Amino acid sequence: MLTTACVGLSSLTFVLGYGLARISRRGPRTPERRYKDEAIFTTLHLAAMAAPALRTGLHRDSARKAVRHLHALLGTYAVAITSTDAALAWDGPCTDEVLTYARTALAAGRAQVFEGEPYGAVVVPLTVDGKIVGALAAFDDELSAGLVRTVTEVAGWVSGQLELAELDSSRRRAMEAEMRALRAQISPHFVYNALTTIASFVRTDPVRARGLLLDFADFARYALRRAHDFTTLADELTCVDRYLLLERARFGDRLRFSLQVAPEVLPVPVPYLCLQPLVENAIKHGMGSRGGSGEVRVVARDAGPEAHISVEDDGAGMDPEHARRVLDDDPRREGNGIGLANVDVRMRQIYGEGYGLVVETSLGAGTKVRLRVPKAQFSSL
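What this report covers is the structure whose coordinates are included nearby. Position numbers for residues count from 1 along each chain, tracking the sequence in the order it is written. Restriction of local features to residues with pLDDT of at least 70 applies here, the model being predicted, together with a cutoff of 80 or more for giving and counting side-chain atom pairs; totals for whole chains, interfaces and linings are based on all residues. Note that water and hydrogens are dropped before the side-chain values are worked out from all heavy atoms of the structure.

1. Things to note about the pattern of salt bridges
Each salt bridge in this description consists of a side-chain nitrogen of Lys or Arg and a carboxyl oxygen of Asp or Glu lying within 4 Å of one another. Considering all chains together, one arrives at 15 salt bridges under this definition. When the shortest N-O distance is used, the salt bridge between glutamate 295 and arginine 297 registers 3.4 Å. Judged by its relative accessible area of 22%, glutamate 295 falls in the partly exposed class. The rule is simple: take the accessible area with a 1.4 Å probe, protein chains only, and divide by the maximum for that residue type; under 20% is buried, over 50% is exposed, in between is partly exposed.

Rendered as structure tokens:
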């Protein structure tokens, strides 16, 4: 990405120099400083206007939005953008030969100059990760060496933006795949525990078994839906409640649970299944001590631009160094289960490194896991 950015800057630097020459040659007789300031502003402004569309990839809509800014940047008679097999967009009267010119340049793999009357063309391939994906064509009545190099530099900058688009797309695909993998790790553990609990009531209390099976179905429907990767905190707490109904059936009165939630944070968007694994972890460690009984507390507070959530148990706790190793461990490693590392990875992926889990624990003092969630709205990844 750094290499792409450097190529983009060098391309704009050359275009800026070419623009200065054109402004100086064609503009009014004003002080040289004014020419330079105007050229700098114009070049950077037009590049900034074209970049957002190009950062979505090369297609008809992005080409249509970017081509007019590239036309203004080059200052030629017309500019066109093509894919490998079609003319995507153009600004200014574009000749019918544009696709023929583009195919010749694509086959050659380098810039090509085509003489013509009254306008010739300079056509330069566009590349992404070394693969040719299209071409940039500029039509003008004067095909100077300066114009050839300028179109080549602008095409290099466009290729850099398209490559950044591909990197963004790859990052999103990788993040989505990672989230799917982490969610898939959560489901089997819950399924096993839930079905085992339900099975224990099938003969002794079939009515209750049926109710628990419906609760399990509600949870599964929520956890496995793929419409979005986010939900509201209210829905996430409902998911936790479904999980607790099954766990209470398993542990009975030995499991105590309390919930304290500020109404202001109920609509806050949160990632799917960011709380249930923490509650499951708290029950696992809390119930594993004190004779198989324990209490789990969930608190969600309004903290201005963020919601602060904590999940706490009154179990035996752990050594702080061990807690650090748990968070640093690879959540995908077999046997790591659905513990803290899974949620920690997801929070950092979505919100940034500053939003990982914070674990407060010590031997004999229970464990509290805290997380912060920005109130800003998120769409699916």
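2. A look at the pairing of strand S1 (residues 78-83)
Strands here are runs of E lasting at least two residues and helices are runs of H or I lasting at least four, both read from the DSSP assignment and numbered beginning at the N terminus. A large share of S1 lies buried, amounting to six of its six residues. Residues of S1 alternate between two faces, with Ala78, Ala80 and Thr82 on one and Val79, Ile81 and Ser83 on the opposite face, all of them buried. Relative to strand S2 (residues 87-91), S1 runs antiparallel, the two being bridged by four bridges. Residue pairing across strands places isoleucine 81 opposite alanine 89, the latter belonging to S2. Pairing between two strands is assigned when DSSP locates at least 2 bridges connecting them.

3. With respect to the nonpolar core
Core analysis: the biggest nonpolar cluster contains 41 residues, and Leu275, Leu278 and Ile283 have the highest contact counts within it. Considering each element in turn, this core owes the most residues, seven residues, to helix H7 (residues 233-251). Counting 29 residues, the second largest nonpolar core, distinct from the first, contains Leu70, Val79, Leu136 and Trp157. Among the buried residues, those of types Ala, Val, Leu, Ile, Met, Phe, Trp, Tyr and Cys that are joined through side-chain atoms within 4.5 Å form a nonpolar core.

4. Focus: the packing of H7 against helix H8 (residues 276-287)
Orientation of H7 relative to H8, taken along the N-to-C sense of each, is 25°, at an axis distance of 9 Å. The angle between the axes of H7 and H8 places the two elements in the roughly parallel class. Considering how the two elements wind past one another, H7 and H8 form a crossing that is right-handed. Packed against H7, whose contacting residues are Glu236, Cys239, Val240, Tyr243, Leu244, Glu247 and Phe251, the element H8 presents Gln276, Val279, Glu280, Ile283 and Met287 at the interface. Side-chain classes are defined by residue name, with Ala, Val, Leu, Ile, Met, Phe, Trp, Tyr, Cys and Pro counting as nonpolar, Asp, Glu, Lys and Arg as charged, and the others, Gly among them, as polar. For the contact of H7 with H8, the per-class residue count stands at eight nonpolar, one polar and three charged. An axis is simply a line fitted to the C-alpha atoms; with a helix, the fit covers only the stretch in contact. Between two such axes, the angle follows the N-to-C directions and lies from 0 to 180 degrees. An angle below 35 degrees is read as roughly parallel, one above 145 as roughly antiparallel, one from 65 to 115 as roughly perpendicular, and any other as oblique. Left-handed describes a crossing whose near helix is turned anticlockwise from the far helix through less than a right angle; right-handed describes the clockwise counterpart. By definition, residues are in contact when any of their heavy atoms lie within 4.5 Å.

5. Observations concerning the environment of glutamate 236
Along the chain, glutamate 236 turns up in helix H7. Taking relative accessible area as the criterion, glutamate 236 reaches 0% and is therefore assigned buried. The residues touching glutamate 236, leaving out its near neighbours within four places in the chain, are Tyr222, Thr231, Val270, Pro271, Tyr272, Leu273, Cys274, Leu275 and Gln276. Two N or O atoms form a polar contact when they lie within 3.5 Å of each other; inside protein one atom must be a possible hydrogen donor and the other a possible acceptor, and for residues adjacent in sequence the pair counts only when both atoms belong to side chains. In terms of polar contacts, glutamate 236 uses its side chain to reach the backbone amide nitrogen of leucine 275, at 3.1 Å.

6. Quick word on the packing of aromatic side chains
Side-chain rings of Phe, Tyr and Trp (the six-membered ring for Trp) are treated as a pair once their centres are within 6.5 Å; stacked means planes under 30 degrees apart, edge-to-face means over 60, and tilted covers the remaining angles. All chains considered together, the criterion is met by four aromatic pairs. A centroid spacing of 4.2 Å and a plane angle of 10° characterise the contact between tyrosine 101 and phenylalanine 114, whose relative ring orientation is stacked. Note that tyrosine 101 is positioned in helix H4 (residues 98-108) and phenylalanine 114 in strand S3 (residues 112-114), a separation of 13 residues in sequence. Of the two residues, tyrosine 101 and phenylalanine 114, neither departs from the other in class, the shared state being buried. Through a chain of ring-to-ring contacts, the aromatic side chains of Tyr101, Phe114 and Phe139 assemble into a single cluster. Directly above the ring of tyrosine 355 sits arginine 372, whose terminal nitrogen or CZ lies 4.3 Å from the centroid. Charge-over-ring placement is defined geometrically: NZ (Lys) or CZ (Arg) within 6 Å of the ring centre, and within 35 degrees of the ring normal.

7. A closer look at the sheet that holds strand S9 (residues 294-303)
Read from one edge of the open sheet, five strands run S7-S9-S10-S12-S11, paired in mixed fashion. Of all strands in the sheet, those with a lone pairing partner are strand S7 (255-261) and strand S11 (358-361), marking the two edges. Averaged over neighbouring strand pairs, the angle between their axes works out to 15° when direction is ignored. For S11 and strand S12 (residues 367-374), the ladder comprises four bridges, and the chain directions are antiparallel. Bridge pairing links threonine 361 to threonine 367 in S12. Across the face of the sheet, H7 comes into contact with S7, S9 and strand S10 (306-313) while running at roughly 165° to S7. Running at roughly 20° to S12, helix H10 (residues 340-351) makes contact with S11 and S12 of the sheet.

8. Looking at H4
For H4, the set of buried residues is Val98, Leu99, Tyr101, Ala102, Ala105 and Leu106. All buried residues of H4 project into a common sector of 155° when viewed along the axis, lining one side. Along its buried surface, H4 packs onto S1, S2, S3, strand S4 (120-128) and strand S5 (131-140). One or two residues past the end of H4 sits glycine 109, with phi positive at roughly 75°. The directions from the helix axis to the C-beta atoms are what the arc is built from.

9. Things to note about the sheet that holds S2
Spatially, the five strands line up as an open sheet ordered S2-S1-S5-S4-S3, and their pairing is antiparallel. A strand with exactly one partner marks an edge of an open sheet, and here the two such strands are S2 and S3. Going across the sheet, the axis of each strand differs from the next one's by a mean of 20°, ignoring polarity. Contacts from helix H3 (residues 60-74) reach S1, S2 and S5, with the element oriented near 35° to S2.

10. Section: the side chain of serine 62
For serine 62, the location among the structural elements is in helix H3. Overall, the relative accessible area of 1% leaves serine 62 in the buried class. Separated by 2.6 Å, the side chain of serine 62 and the backbone oxygen of glycine 57 make a polar contact. Those residues in contact with serine 62, other than ones at most four positions away along the chain, are Ala53, Thr56 and Gly57.

That's the geometry; what it means functionally is another story.
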